[in-house]
Amino acid sequence: MSDLEWIYGIHAVENALSQQPERVKEVRFQEGRDDKKTQRLVQLCKTNKVRYSLVARRELDQLFTKNKERAVHQGVVAYTTMTKAGNEGDLHTLVGGLDETPLIIILDGVTDPHNLGACLRSADAAGAHAVVMPKDNSAPLNATVSKVACGAAESIPVYAVTNLARTMKKLQDQGVWIFGTAGEATQTVYEQDFTIPTAIVMGAEGEGMRRLTREQCDYLVKLPMSGVVSSLNVSVATGVCLYEVVRQRAQKAQG
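Residues numbered from 1 in each chain as written. Predicted model: local features only at pLDDT ≥ 70, side-chain atom pairs only at ≥ 80, totals over all residues. Heavy atoms only, no water.

**Observations regarding the state of the cysteines**
Going through the model one piece at a time under the given rule, you end up with zero disulfides. In this structure cysteine 217 is a free cysteine whose sulfur lies 12 Å from that of cysteine 241, the closest cysteine sulfur available. (Disulfide = S-S within 2.5 Å.)

**Focus on the UniProt feature "binding site: S-adenosyl-L-methionine" (unreviewed entry) in the protein chain**
UniProt records the feature "binding site: S-adenosyl-L-methionine" (unreviewed entry) for Gly203, Leu223 and Leu232 in the present numbering. Of the residues just listed, which span 30 residues, no C-alpha pair is farther apart than 13.1 Å, and they cluster in one region. Examined against the element boundaries, leucine 223 turns out to sit in the loop between β11 (219-222) and α10 (234-253). With relative accessibility at 16%, the residue leucine 223 sits in the buried group. For leucine 223, the residues in contact, after removing those within four places along its chain, are Val189, Leu232, Ala237, Val240 and Cys241. (UniProt positions renumbered as here; feature names shortened; annotations may be inferred. Helix = DSSP H or I, 4+ residues; strand = E, 2+ residues; numbered from the N terminus. Buried < 20%, exposed > 50% of the residue type's maximum accessible area, 1.4 Å probe, protein only. Contact = heavy atoms within 4.5 Å.)

**What about the pairing of strand β8 (residues 177-181)?**
The buried count for β8 comes to four of five residues, which makes it a mostly enclosed element. As defined by bridge partners, β8 adjoins strand β10 (residues 198-203) across four bridges and the pair is classed as parallel. Paired with glycine 180 across the strands is valine 201, a residue of β10. Pairing between β8 and β11: three bridges, direction parallel. Following the sheet pairing, glycine 180 is matched in β11 by leucine 220. (Pairing = 2+ DSSP bridges.)

This is how it looks when you write it as structure tokens:
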């Protein structure tokens, strides 16, 4: 299932036109912009036979004012089908078919679309196989997520599940070890072995993981905090954890 929605920004529109042009119904450019990036997007529209037009800036602004969204559209928007998240069954099918050691990010209660987009971008960059989140109490996959993710929202599989604890149990049954991030953990991410099938749970800022989510984890880990702040932004913490997995797996591959 997918719905039509306006996305915005140079990177988001370029990715849509480059990777999935069949999903782009229309592109609108701000009048008066004729820089190299705009020219490249116009050429992509022509190559992929996507309808495009030049409009006044206020018209682009109004597209997002109606949604009460303050968008920095960079002079280009596209009307495209937004990929919808898969379900629990889709997730377990993906994991069961992997030929590589699974790496999954589980987001428990990340409601800010900017944070979700940044998490998706980090997950894609680090080669994660999936991002899992609860169907309720999570940010939706929308234009803001798409822009912040810079294409990752369309490339990395995202799954929205009804019961997160049950999904985690099924992942464990499939051989995936689940590591929850918590400030009170006794071990750091640098002391755990992430070369095994891994799912890392990132909790909401402030509240952290919910009780049932925490109880379903195999291990709790933390990031060492040496300064005056007690925690990192969830997207930053996600990136740190993911690249520790990347480091360990690369080191193992090198022997």
